Every structure is written in C-alpha cells, then in structure tokens.
Amino acid sequence: MSSPAPVHGTLETALAHAARLLATQPQLAAQQAGEILRVVPDSAPARLILGQARRSLGQTADAIAILEPLAREQPGSALARFELGNAYSMAGRLAEAIQAFEAATRIKPDWPDVWRVLADHLDAADDAAGADQARAAFLSAAVNDPRLRAAAAALHANDLARAEALLRAHLKEHDTDIAALRMLAEVATRLRRYLDAQHLLERCLELAPSFAPALHQYALVQFRQARSAEALAPIEQLLVAEPANLGYLSLKAAILAHLGDTGDAIAVYETVLQRCPGQARLWLSYGHALKTAGRSDDSTAAYRRALALLPTLGDAYWSLANMKTVRFGPAEVAAMQAALQQPGLSDEDRLHFEFALGKAREDEGAYEQAFNHYARGAALRRRQQPYDADDTSALVRRSTAVYTREFFAERAGAGAPEPDAIFILGLPRSGSTLLEQILASHPLVEGTMELPHIPAIGRDLAELRTGRGVQYPESVAALEPARLRALGERFLAETRVHRKLATPFFIDKLPNNFLHIGLIQAILPNARIIDARRHPLACCFSNFKQHFARGQNFSYDLEDLGRFYRDYVALMAHWDAVLPGRVHRVLYERMVDDPQDEVRRLLDYCSLPFDERCLRFYENDRAVRTASSEQVRQPIFRDGIDHWRHFEPWLEPLKAALGPVLTAYPQVPPG
C-alpha cells in the first residue's frame, strides 16, 4: 500500500510534465491535464493548464469556460486572471481582457509581463494615457538593477523630474544601458519632448535592434511627431513576431490612415474589429477612416455603433456633429444633456458634448444656447492646451525682421528648384479644403493632406545651437545655400510617401504654414503659395465653434482668435511687400460669388491649363481628412457666408481684438 507522499510526488511530476508540454504540444498537455483531473477533479493547477492548452489550440470558448470559474475560486491568483485575460483577448472581448489584466496587476503588481500585455491592450482600446501608465509600471517591475529601481519607482509615480535626474546620472557612467535609455525615453515622451525620446530610442535600438519594447515606443514617438512613414517600419517589424497583437495592429491602422492609405487602414481596423467588436473607441477610429474615404453613411453608422457601446463617449457625438451634414434628433440631444449631468464625466468627454450640443442648438436656430455650449467647450479645451498670444506676435515680429528683400536677394538661386509643391495656407476654416479639392480635381495635381513636414523643419532649425542663443527664424539666416537646398530636398523626399499618383504637382494644405512662408521661399523658391482668406468674423467664429484634434490652440478664446487673425494679416502684408506677387490670395467670398473666374485665376497662377473638372470638384471622390470633408463633396452654396451674423451679439471681444483689420477687410487690391 502506497503512502500519501509518493502519491503527492506523482501528482507534482504529472503537473510538471503537462506544463512542459504546453509550449510545444498543447494537445498532449490538454490530455495530460485531463488525466490528472480524472484522478484529482479539484486540482486548480491542472485546470489552469487545461485552460491554457485550450486557448493555445484556439478553443477559446472552452478556455473561458474553464478559466472563469477558476479565477472566481482563486481570488489571489494573478496567473488565473492573466490567462483569462489572454482567452478573452483571443475571443475579441477586449474590455473584459483589460479588466482581467488589471485585476492581475492588483494581485501581483511586480509582474512585468502582465503590465506589458495590459499596455498593448490599452493601446488597442485607444487609451494612450492608460497605456503609457502601464508601460511605466512595466518598466518599474522589469528593472532588476538596484541602481535603476529608484528611477523606475519615480517614473511609475509620475515624478518625472526625479526620474530624469536619476536616469541621466546613471547613464553618465553606463551609457550603453538599454533599460535606462528606454526609461529616459519614456520620461521624454511623457514630457512631449519627442525628438529627445526619438534620439534615445535610436541609440537603444542601435545597441539592441530587436528590443521589442523599444521598437514599439519608437513607433509611438514617431507617430506622435506626425512622422508616420518612420513609424510604420518598426510596427511592421513587431508584427512579424506577433501578427495578432491588437496594440500593434491598432497603431498600424492609425499610421496608415495618416499616410493617406485609407483603404489599407480601413482593412486593418476591420480585422481588429472582427476580434474586438465590443470596443467603442475602435469603432470611433474606424469611423474617422471611413469619413476620410468619403463613405459618410458607413462612417455615421460606425460612430453610432460606438455610442451604442459607450453612451458617454463624447467624441463620438462630436464626430457625428463634425460631419456637418448630420442633425441630431430630440432623443440624442436629451442623451447628451443627461451625459453632461453625470458626476464622473471627464473633461475630455464633457468638452466634446458641449461642442456637439452647440451644433445641435445651432441647427435648431437656438443661437444663444448654441454659443453658450461652444464657449463652455472652448474654455475646457483652452485649459487643456494653454496658448500665449504674445508668443505668436513675437514670432511674427521676428519673421518680418529676418525676411527682408535683402535676405532673399542674397539667397537668389538657393534652395531646391523643383516646383512640385503647392502650399495652401492661411487660417483654418477659410476655404482651404475647397481650394485643395478644386486643384486636386486637375489631372496634373494630387491632393494629399495637411502635411507636418514644414513645421518639423522649423522645429529642427529652432533647436540649432549656434552659441549665440539664436532663435527660429533667425537660425535660417545662418544656413549656407547648400543647406537650404538640402532642406528643400528633404521636404520633397519626406512628402513622397504621401504622393500616390504620378502627377507633377502635389498640395500641402496645412493652414499654419503661413508662419513659415519665409522658410518655404528659402528652401523651395519655385513652390506655389496660395493664401486662403475669409471674412475675419466668419473665419474666427467658425474656428471658435470647431473642436480641433490638435494644433490650433489659439482658437478657443475670442480675444486670442482676433489677435491671431490680426498677426496673420500683418505677416501676409509683409510678404506682399517683400515678395510682391509671390503669394496668390483667394478670398472665400469671391470664390463663392464667381467660381468660374476665381478658378481660372487660381489655375493661371499655378501655370496649369484650365480644366472643367476643377469646376466640378464635388465629383472628385478622393480622400479628404479635414472638418470640411463632407462639404467639399457638394457644389458651392452661399448659405454659410453670413451665417456668423446669427452670433454677432456675442462677438464683441472678437471685434475688439481684430481692431482695424475688421473694417479694412479684404485688404487686397481688386482684380
């Protein structure tokens, strides 16, 4: 008769054997676990192995049926929740997977793997802030070097100043420590010092080219700098190893959308949504891609699907409002008002609801209520993204001081001579998307999107260290002709990824490029520059009621808007004086009143032959990424020209800030 000890030993041996089989022969592991459970039906380790094996075999429903009760019965088992999260993930139940991983982190907060997987799933759920926190926790848990533990703890606690000081001190002595380099890159990313983070990660990947966490962070940093082409390669590399990783796939879809590969982005989103149909933010991102592709009905359906899953997702309501063609019914207005009363509603959701309700009330003709909603939404946004109007005024003053007639005369013949680029600039909501659609309907011109490359060159020049504290744009004056040409060639090379057609010309319609006309002239002297201008009150109020995803921090206060428009007019007047005839101005009102003549003038300036398709721009089915995407798919109407007058009683601060610019409009010679 055998003693209890050998029986116990035999069970342990059997469990160990089953565990070893998991990695390479999950079918045999499942059989071994089943044999154990016939003898010891309540064996938690055997049930766990059986659940893991079922998941590995793709039998996710069976795995969940095994792991759910096990997790309930084992409240202290982080491993059971981790495996349950993996099974939920395979079944496309993303929200439940995240909950399971989060439960595992609460039980075992020092387990690096669970934090890493949680970060990937939060990325897939479009929760960038949560993913950043999870990655910081991963770093803290993964660090075994006692010299880095204090820095990891500071990073986890979001004490970024202390973390940075500790890491820089460590790297002075150990400059090849890839863990420290990646941690310092995380600090720089949190502080939005993306170029610093990029350089740190490049060094990290130079030392360890296949270091997956650094590759993923490098892709994120490049994407957040709007360097989508550079972000795609590391994500593709990561997907070779983990082709089903939801975080990687979601980031790839977003990258493809920003590259203008809208069809491919939609296909990736659909792949992810097949696995995770219950994730509201994924439906939101999918809706954005569909909108860009001109599939407005499908886009609207995707936004409404997101709201069905998460009724407090304010961004989905704003996305519907931002279609410009959607009108909310009474039930939707009531739902938004009810959401605003919820005590735990985030400021981010709240401001989206305010802007959406502003659009709903405006459509009803309740203009005072609409203005109040817009104003509350704008105030929330301004607190998130502070803006100092004095900085813009100072940049304009320095630009007019640097870019003189003499400056350009001394650099005649410098820069890249290619005439490929057509810049459409000015303020947002001035008709720039309409002009782009008109020109992109010409067979010799391709419309791309609002490209980030000119501001990126400006940022790089702002970081030049000359020893004399020179700022941008003063730093441009220090560049030799060969360097100016190289920067022009850099722009043309970097934008090539956005050019899908074999046309000689392409459009960059980033409005804020008006601040960089001097740089454009210096590095691309033969590029066309088009100033899209609209009545100051119409333009500024249209900006005030528009919630921008990024980059227009001046637009959330009426006084700031007035000053920004005034600075814009002053700078454009400078170019008219210094580079007469160089910039072609199109007044929105004239384009609406006489499109035939204005389109001919526009094509003449671009040295393009007249083409009737430019007058039928609304038939062009190209992808359009801006807020006007649905409007430019319709013929020109006059209805919106004076719509701002409904809100005139509340625009006095704007009028005062505009000053003489308001009464002097249009400030261009006739003809």
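This structure is a prediction, so every number in the text was calculated from the model and none was measured.

Chemist: How would you sum up the nonpolar core? Please name residues and give values.
Modeler: Counting 216 residues, the largest nonpolar core has Leu 439, Val 476, Phe 514, Ile 530 and Tyr 565 as its most contacted members. Broken down by element, this core gets its largest block of residues, 10 residues, from helix α30 (residues 558–578). With residues up to four places along the chain from it excluded, the contact list for Tyr 565 reads Leu 427, Arg 533, Arg 534, His 535, Pro 536, Cys 539, Cys 540, Leu 658, Val 661 and Tyr 665. Counting 15 residues, the second largest nonpolar core, distinct from the first, contains Ala 14, Ala 18, Ala 30 and Leu 37.

Chemist: Would you mind going over helix α9 (residues 146–156) in detail, with residue names and values included?
Modeler: Every buried residue of α9 is listed here: Leu 148, Ala 151, Ala 152, Ala 154 and Leu 155. Considered in projection along α9, the buried side chains sweep an arc of 160 degrees and stay on one side of the axis. Residue Asn 158 follows α9 closely and has a positive phi angle near 65 degrees.

Chemist: Describe in detail the packing of helix α5 (residues 78–90) against helix α7 (residues 112–124), supporting the description with residues and values.
Modeler: Where α5 contacts α7, the two axes come as close as 11 Å, and the packing angle between them is 25 degrees. Between α5 and α7, the angle is such that the two are roughly parallel. α7 is crossed by α5, and the crossing has left-handed handedness. From α5, Phe 82, Asn 86 and Ser 89 reach across to α7, where they touch Asp 113, Val 114, Val 117 and His 121. Class assignment for the residues of the contact of α5 with α7 results in three nonpolar, three polar and one charged.

Chemist: Tell me what's going on with the packing of aromatic side chains, and back it up with residues and numbers.
Modeler: Evaluation of the coordinates by the stated rule reveals 29 aromatic pairs. An angle of 75 degrees between the planes, with centres 6.3 Å apart, marks the rings of Tyr 374 and Phe 541 as edge-to-face. Of this pair, Tyr 374 sits in helix α22 (residues 367–384) while Phe 541 sits in helix α29 (residues 536–544), and the two are 167 residues apart along the sequence. Phe 541 matches Tyr 374 in its accessibility class, with the two residues each being buried. Note on Phe 617 and Tyr 618: the rings are 5.4 Å apart at their centroids and 80 degrees apart in plane angle, and the pair reads as edge-to-face. With relative accessibility at 3%, the residue Phe 617 sits in the buried group.

Chemist: Quick rundown of the layout of surface pockets? Include the residues and the values.
Modeler: Considered as a void within the structure, the second largest pocket measures approximately 370 Å³ in volume. Surrounding the second largest pocket, 17 residues form its lining, Asn 86, Ser 89, Val 117, His 121 and Glu 242 being those nearest its centre. Elements supplying a minimum of two residues to the lining of the second largest pocket: α5, α7 and α15 (246–258). In terms of residues, the lining of the second largest pocket owes the most to one element, α7, which gives five residues. Tallied by class, residues from the lining of the second largest pocket come to six nonpolar, five polar and six charged.

The rules behind each value
- What you see as residue numbers is a count from 1 along each chain, following the sequence as written.
- Two thresholds apply to this predicted model, a pLDDT of at least 70 for residue-level local features and 80 or more for giving and counting side-chain atom pairs, whereas whole-chain, interface and lining totals are computed over all residues.
- The side-chain figures draw on all heavy atoms in the structure; neither hydrogens nor water molecules are used.
- We call a set of buried residues a nonpolar core when its members are Ala, Val, Leu, Ile, Met, Phe, Trp, Tyr or Cys and they connect through side-chain atoms within 4.5 Å of each other.
- Note on exposure labels: buried denotes an accessible area under 20% of the residue type's maximum, exposed denotes more than 50%, and partly exposed covers the range between, all computed with a 1.4 Å probe on protein chains only.
- A run of H or I in DSSP becomes a helix once it reaches four residues, and a run of E becomes a strand once it reaches two; helices and strands are each numbered from the N terminus.
- Any two residues whose heavy atoms approach within 4.5 Å are treated as being in contact.
- This arc corresponds to the set of directions leading from the helix axis out to the C-beta atoms.
- Orientation is described by axes fitted as lines to C-alpha atoms, over the contacting stretch for helices, and by angles from 0 to 180 degrees between their N-to-C directions.
- For this classification, under 35 degrees means roughly parallel, over 145 means roughly antiparallel, 65 to 115 means roughly perpendicular, and everything else is oblique.
- Left-handed is the label given to a crossing in which the near helix is rotated counterclockwise from the far helix by less than a right angle, and right-handed is the label when the rotation is clockwise.
- Note on residue classes: Ala, Val, Leu, Ile, Met, Phe, Trp, Tyr, Cys and Pro are nonpolar, Asp, Glu, Lys and Arg are charged, and everything else, Gly too, is polar.
- Each pair of aromatic rings taken from Phe, Tyr and Trp, with Trp reduced to its six-membered ring, is defined by centres within 6.5 Å and is described as stacked if the planes are under 30 degrees apart, edge-to-face if over 60, and tilted in the remaining cases.
- Of the two site types, the cavity is a set of points on a 1 Å grid over the protein atoms alone where a 1.4 Å probe fits but cannot get out, and the pocket is an open set with protein on both sides within 12 Å along at least five of seven lines, each lined by residues with an atom within 4 Å of a point.
- Grid points are joined across faces, edges and corners, and a volume is the space filled by probe spheres set on the points.

Limitation: the analysis is restricted to geometry and does not speak to function.
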